[in-house]
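Coordinate analysis (summary)
Listed here are the chains, written in short residue letters.
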Amino acid sequence: QSAPKLINSSLYKQIRPGDIRRAWWDPDDKESPYISKKFKFTNVAAWLGDYIYMRVEEFYFDAAEAALRLGDKDKAVRYLNAVMQKRDATFDASNLDGTMLGSLTTSWTGSLLENILVQKRIELWGESAVLSMCAVSARESIERPPTDSPRSASPRCPATASTSPILTPTTG
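These remarks concern the structure in this document. All figures in this text were calculated on a predicted structure; none of them were measured in a lab.

Parameters and conventions
- Residues numbered from 1 in each chain as written.
- Predicted model: local features only at pLDDT ≥ 70, side-chain atom pairs only at ≥ 80, totals over all residues.
- Heavy atoms only, no water.
- Helix = DSSP H or I, 4+ residues; strand = E, 2+ residues; numbered from the N terminus.
- Buried < 20%, exposed > 50% of the residue type's maximum accessible area, 1.4 Å probe, protein only.
- Contact = heavy atoms within 4.5 Å.
- Areas by Shrake-Rupley, 256 points an atom, 1.4 Å probe, with all protein chains shown as cover.
- Salt bridge = Lys/Arg side-chain N within 4 Å of Asp/Glu carboxyl O.
- Phe/Tyr/Trp six-rings, centres within 6.5 Å; stacked < 30°, edge-to-face > 60°.
- Core = buried A, V, L, I, M, F, W, Y, C linked by side-chain atoms within 4.5 Å.

Within the protein, the regular secondary structure consists of 5 helices and 2 strands. N-terminal to C-terminal, the α/β element order of the protein is α-β-β-α-α-α-α. Within the span of the protein, comprising 172 residues, buried residues form 41% of the whole. In the protein, the proportion of contacts linking residues at least 24 apart, taken out of those at least 6 apart, comes to 56%. In the form shown here, the protein has an accessible surface area of approximately 9,400 Å², with 56% of it arising from carbon and sulfur atoms.

So, in structure tokens, the structure goes:
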């Protein structure tokens, strides 16, 4: 048995109702609300379980972000939809636009870039890619967002202009 791993409630609430990833956590667990079910031992005695090093979804999210930052919104939407429509058949990023990021961990703009980053965080939650995502994006630190669970372990990279000129929030 290991320590419970919990998603932040505000991040969990960003998962749409029809998204199959909602089943990866249990927000109603009495002992540990928002506990992860994503990684389970298949054999506790033998320590057999999921060890994820890299998945193809990571490349799709990276490609979506790169395409958007290079000005190719249509390609970014195609890459994001390629992953997300397998998670939620009703997801459609074609109505999303822009690169504006919220200045606080609890402020959401709804931009295409923010959706790419948030969906990547949800998809890769608990995997090493989330921490490296912060470093690769040149964001200086990781902060813990406010949560209704004191044991939350869901970092969010700050999205402020002061941390990186690359990630300066813009409208568009």
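Our next topic: the pattern of salt bridges. As enumerated under the stated definition, the model contains 11 salt bridges in all. A salt bridge links Glu123 to Arg21; the nearest nitrogen and oxygen atoms lie 3.2 Å apart. Residue Glu123 is located in helix H4 (residues 112-123), and its partner Arg21 is located in the loop between helix H1 (9-12) and strand E1 (25-26); the two are separated by 102 residues in the primary sequence. Looking at Arg21, the relative accessible area reads 0%, which means it is buried. Measuring nitrogen to oxygen at the nearest pair gives 3.0 Å for the salt bridge that ties Glu57 to Arg87. Highlighted residues: Glu57 in helix H2 (residues 56-69) and Arg87 in helix H3 (residues 73-87), separated in sequence by 30 residues.

All right, on to the environment of Glu65 then. When you line up the elements, Glu65 lands in helix H2. Judged by relative accessible area, Glu65 falls into the buried class, the value being 11%. Once the C-alpha coordinates of Glu65 and Leu113 are considered, the two residues, 48 residues apart in sequence, prove to be 6.6 Å apart.

Okay, the packing of aromatic side chains next. Counted according to the given criterion, the structure contains 5 aromatic pairs. Ring centres of Tyr12 and Trp25 lie 6.4 Å apart, and the angle between their planes is 85°; on these two criteria the pair is classed as edge-to-face. With Tyr12 in helix H1 and Trp25 in strand E1, the pair connects residues that are 13 residues apart, well separated along the chain. Judged by relative accessible area, Tyr12 falls into the buried class, the value being 6%. Ring geometry for Tyr60 and Tyr79: centres 6.0 Å apart, planes at 70°, overall edge-to-face. Of this pair, Tyr60 sits in helix H2 while Tyr79 sits in helix H3, and the two are 19 residues apart along the sequence. By relative accessible area, which is 34% here, Tyr60 ends up partly exposed. Taken together, Tyr12, Trp24, Trp25, Tyr34 and Trp125 form an aromatic cluster joined through their ring pairs.

With that out of the way, let us pick up the nonpolar core. Counting residues in each nonpolar core, the largest one holds 17 residues, and the members touching the most others are Leu68, Ala76, Leu80, Ala93, Leu112 and Ile116. Secondary-structure elements contributing two or more residues to this core are H2, H3 and H4. Once residues within four sequence positions are removed from consideration, Leu68 is found in contact with Lys73, Ala76, Gly98, Thr99, Leu112, Leu113 and Ile116. In this structure, Trp25, Tyr34, Val118 and Trp125 belong to the second largest nonpolar core, which totals 9 residues.

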